[in-house]
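In case you want the letters, here they are:
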Amino acid sequence: MQYLEAGVVVLATVAIAWAADQLAGRRGVGMATLVALTGAGCGAFLAVRVFAVATLESWGWALWSWVGAVVALIAFFLFRSKR
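Parameters at a glance
- Residues numbered from 1 in each chain as written.
- Predicted model: local features only at pLDDT ≥ 70, side-chain atom pairs only at ≥ 80, totals over all residues.
- Heavy atoms only, no water.
- Axes fitted to C-alpha atoms, helices over the stretch in contact; angles between N-to-C directions.
- Helix = DSSP H or I, 4+ residues; strand = E, 2+ residues; numbered from the N terminus.
- Parallel < 35°, antiparallel > 145°, perpendicular 65-115°, else oblique.
- Left-handed = near helix turned anticlockwise from the far one by under 90°.
- Contact = heavy atoms within 4.5 Å.
- Nonpolar A, V, L, I, M, F, W, Y, C, P; charged D, E, K, R; others polar.
- Buried < 20%, exposed > 50% of the residue type's maximum accessible area, 1.4 Å probe, protein only.
- Expected span 1.5 Å × (residues − 1).
- Arc of directions from axis to C-beta.

Student: Explanation requested: the packing of helix 1 (residues 4-24) against helix 2 (residues 29-50) in the structure shown.
Tutor: The relative placement of two packed helices is expressed as an angle between their axes plus a distance between the axes. Two elements in contact, helix 1 and helix 2, have axes whose closest approach is 8 Å; the angle formed by their N-to-C orientations is 135°. Between helix 1 and helix 2, the interaxial angle falls into the category oblique. For the pair helix 1 and helix 2, the sense of crossing is right-handed. Residues Thr 13, Val 14, Ala 17, Trp 18 and Asp 21 of helix 1 touch helix 2, and the partners they reach there are Val 29, Ala 32, Thr 33, Ala 36, Leu 37 and Ala 40. By residue class, the composition of the contact of helix 1 with helix 2 is eight nonpolar, two polar and one charged.

This is how it looks when you write it as structure tokens:
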């Protein structure tokens, strides 16, 4: 039960990446997953270390992770090179 939050965050982030890839009409789910997991890591870091609004024992950092993943995916699909 100690790592339940982290497991849920990883699974939900992969689901967010898959959904974003499907909505964008592309089939590059690997790159979308990488971008989403990186954004989730950044969101968790901001919540826990920078702003100190959550701890890893609470679910507050999970929300920040998912928001970070969504922001990273939006930036990825907006500024991606289309060569």
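Student: How should I be thinking about the side chain of Thr 33 in this particular structure?
Tutor: One can find Thr 33 in helix 2. Here Thr 33 falls in the buried class, since its relative accessible area comes to 18%. Ignoring any residue separated from it by four or fewer positions in sequence, one finds Thr 33 in contact with Val 14 and Ala 17.

Student: Explanation requested: helix 3 (residues 60-79) in the structure shown.
Tutor: Because each turn of an α-helix spans 3.6 residues, side chains separated by three or four positions end up pointing in the same direction. Given a rise of 1.5 Å per residue, 20 residues ought to cover 28 Å, and the 29 Å separating the end C-alpha atoms of helix 3 matches this to within 8%. Along helix 3, the positions that sit buried rather than exposed are Trp 61, Ala 62, Ser 65, Gly 68, Ala 69, Leu 73, Phe 76 and Phe 77. What you see down the axis of helix 3 is that its buried residues fit within an arc of 155°, all on one side. In helix 3, the exposed residues that point more than 90 degrees away from the buried face are Leu 63, Val 71, Leu 78 and Phe 79.

Student: Would you explain unusual backbone geometry in this entry?
Tutor: Most peptide bonds take the trans form, and the phi angle of most residues other than glycine is negative. Even without being glycine, Ala 52 reaches a positive phi, approximately 50°. One can find Ala 52 in the loop between helix 2 and helix 3.

Student: Help me understand the environment of Val 71 in this model?
Tutor: Counting through the fold element by element, Val 71 comes out in helix 3. Residues Val 71 and Ala 20 lie 51 residues apart in sequence; the distance between their C-alpha atoms is 11 Å.

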